[in-house]
Amino acid sequence: MLRQNDPREISPHGEGLVKGVAVDPVIFGFHEGRLKVLIIEHTNTCLYALPGGYIQEKEDLDEAAKRILTMRTGLSAVYLEQFHVFGKYDRNDAGVVRQILIGQGFSPAEEHWSLQRFISVGYYALVDYTRIELTPDPTTGRCEWFEFDQIPPLILDHRLIIDKALATLRINLDQLLIGFNLLPELFTMGDLHTLYETILDKKLLSTNFQRKMLSLGILERIEKKKTGKAHKAPYLYRFKSTT
């Protein structure tokens, strides 16, 4: 949960916001066979978190998730998928939230609305992180991509949210592959194979993988890749149009 650069977000009464509900997008980055996750550091706190935010009263939940992601990454056409609601009674930590607000220069009263219980709606996105211009606002010390084995300790239940997002992504990867648009328009079966192995974090037998992907009916074979050795050049594929 991230307090955005909006006076309503730190006002005593939270005017203009849906109090008690936050959005926490898990933004996975994929590039050159590596999978990372975007983490922010709250200003003057050394506290790390997901790049989340609150929902405005006259804003759809999905639109709030898109707005928050665009604010953090500069991307406006990213496929987002809602995957879970996190609402355990003890998931909030008023002391941590107070520390974040103090780091931003505020002195929240004991009854400050953001110190109370809230639920978070989880979304995940998977993007090519080389296309992203990270844009931390004044309430955010920095935004940074982390490899999974290097993610620092996170506030509240944010690591649980990441793990749940990755598990859901792995289950739904076949159905969501086209929407994520991670590969170039034309790609080889090897490119697709690498993508799957990276996300699933396991080796996949090439022949079985190719048979499975062709059986899904989502790929269109184009032509041989130009390599100078026609008999060894792999086929190029693209995703079939969904319109």
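Shown above is the structure to which this text applies.
Residues numbered from 1 in each chain as written. Predicted model: local features only at pLDDT ≥ 70, side-chain atom pairs only at ≥ 80, totals over all residues. Heavy atoms only, no water.

Draft legend 1. Structural view of the pattern of salt bridges. A full pass over the atoms with the stated rule returns 11 salt bridges. Across the pair arginine 34 and glutamate 147 runs a salt bridge whose closest N-O atoms are separated by 3.7 Å. Residue arginine 34 is found in strand S2 (residues 34-42), and its partner glutamate 147 is found in strand S7 (residues 140-147); the two are separated by 113 residues along the sequence. You can call arginine 34 partly exposed: its relative accessible area is 34%. We classify glutamate 147 as partly exposed; its relative accessible area is 22%. The closest approach of N and O atoms between lysine 66 and glutamate 63, which form a salt bridge, is 3.7 Å. Here lysine 66 pairs with glutamate 63, and both are found in helix H1 (residues 61-73), just three residues apart, close to one helical turn. Residue classification places glutamate 63 among the partly exposed positions, given a relative accessible area of 39%. Among the charged side chains, a network of salt bridges with common partners joins Glu41, Arg142 and Glu144. (Salt bridge = Lys/Arg side-chain N within 4 Å of Asp/Glu carboxyl O. Helix = DSSP H or I, 4+ residues; strand = E, 2+ residues; numbered from the N terminus. Buried < 20%, exposed > 50% of the residue type's maximum accessible area, 1.4 Å probe, protein only.)

Draft legend 2. Just the packing of helix H4 (residues 189-200) against helix H5 (residues 206-215), in detail. Axis separation between H4 and H5 bottoms out at 11 Å; the angle between their running directions is 100°. By the criterion of interaxial angle, the relationship of H4 to H5 is roughly perpendicular. On H5, the residues that touch Met189, Leu192, His193 and Tyr196 of H4 are Ser206, Phe209, Gln210, Lys212, Met213 and Leu214. Residue classes in the contact of H4 with H5 are distributed as six nonpolar, three polar and one charged. (Axes fitted to C-alpha atoms, helices over the stretch in contact; angles between N-to-C directions. Parallel < 35°, antiparallel > 145°, perpendicular 65-115°, else oblique. Contact = heavy atoms within 4.5 Å. Nonpolar A, V, L, I, M, F, W, Y, C, P; charged D, E, K, R; others polar.)

Draft legend 3. Here's a closer look at the packing of aromatic side chains. For the structure on display, the rule yields seven aromatic pairs. Aromatic pair tyrosine 48 and phenylalanine 146: ring centres 6.2 Å apart, planes at 85°, arrangement edge-to-face. Taken together, the residues tyrosine 48 in strand S3 (residues 47-49) and phenylalanine 146 in strand S7 connect sequence positions 98 residues apart. For tyrosine 48, a relative accessible area of 16% corresponds to the buried category. Look at phenylalanine 146 and you get buried, because its relative accessible area is 11%. The rings of Phe83, Phe86 and Tyr124 are connected pair by pair, giving a single aromatic cluster. Positioned above the aromatic ring of tyrosine 235, the side-chain terminus of arginine 221 is 3.8 Å from the ring centre. (Phe/Tyr/Trp six-rings, centres within 6.5 Å; stacked < 30°, edge-to-face > 60°. Lys NZ or Arg CZ within 6 Å of the ring centre and 35° of its normal.)

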